[in-house]
Amino acid sequence: MAKEILKDEILKDADLEQVAGGSWMESVGDFNEAFQRKLPGFENINPTTTEGAIYLLKNWTDGDNVVGKLKNMFAGYGIEMTYEGKPFDPNTYTYQGKKITQDEAWKIIDGK
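Just so you know, these numbers come straight off a predicted model, no measurement behind them. (Residues numbered from 1 in each chain as written. Predicted model: local features only at pLDDT ≥ 70, side-chain atom pairs only at ≥ 80, totals over all residues. Heavy atoms only, no water.)

Membership of the largest hydrophobic core comes to 23 residues, with the highest contact counts inside it found for Phe-31, Met-73 and Phe-74. With five residues, the top contributor of residues to this core is helix 4 (residues 66–75). Apart from residues lying up to four places away in sequence, Phe-31 is in contact with Phe-42, Ile-45, Pro-47, Tyr-55, Leu-56, Val-66 and Leu-70. (Core = buried A, V, L, I, M, F, W, Y, C linked by side-chain atoms within 4.5 Å. Buried < 20%, exposed > 50% of the residue type's maximum accessible area, 1.4 Å probe, protein only. Helix = DSSP H or I, 4+ residues; strand = E, 2+ residues; numbered from the N terminus. Contact = heavy atoms within 4.5 Å.)

This next bit is on the environment of Trp-60. Mapped onto the fold, Trp-60 is located in the loop between helix 3 (50–58) and helix 4. Along the primary structure Trp-60 and Trp-24 are separated by 36 residues, whereas in three dimensions their C-alpha atoms are 9.3 Å apart. Within the structure, Trp-60 has its side chain in polar contact with the side chain of Tyr-83 (distance 3.1 Å). (Polar contact = N/O pair within 3.5 Å; in protein donor to acceptor, adjacent residues only side chain to side chain.)

It is worth spelling out helix 5 (residues 102–109) at this point. Taken together, the buried positions of helix 5 are Ala-105, Trp-106 and Ile-109. All buried residues of helix 5 fall inside an arc of 95° around its axis, so they share one side. (Arc of directions from axis to C-beta.)

Now for the sheet that holds strand 1 (residues 79–82). Ordered by their spatial adjacency, three strands build an open sheet running 1-2-3, and the pairing between neighbours is antiparallel. Each edge of the open sheet carries a strand with a single partner, namely strand 1 and strand 3 (98–100). With direction set aside, neighbouring strand axes in the sheet form an average angle of 35°. Relative to strand 2 (residues 92–95), strand 1 runs antiparallel, the two sharing four bridges. Of the residues in strand 2, the one forming a bridge with Ile-79 is Tyr-95. The strands touched by helix 4 within the sheet are strand 1 and strand 2, with strand 1 carrying the most contacts at an inclination of about 160°. (Pairing = 2+ DSSP bridges. Axes fitted to C-alpha atoms, helices over the stretch in contact; angles between N-to-C directions.)

Have a look at this one:
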């Protein structure tokens, strides 16, 4: 049985344009990593579900501010995450004054 799409679940063109961005995709990946690890504030929102994707799009820069939650989560581990917000530009991660990769950031969070 197909799920009925509710009026508030319909995405606007401006929401969909964000999906194509490089740093957007990288941030969604970060959100998913935080969800998989059940980090506080991320444990109940699975970004790989329809409901999770809608939450991300609706709260990307307004309301809950998904980017702000990610920045705060990384900061809790001493990592500065800069959301570039431009198509194809990756986010920037800095740890102890040194630029690191996204993978290195997650290794620090995992204590490796």
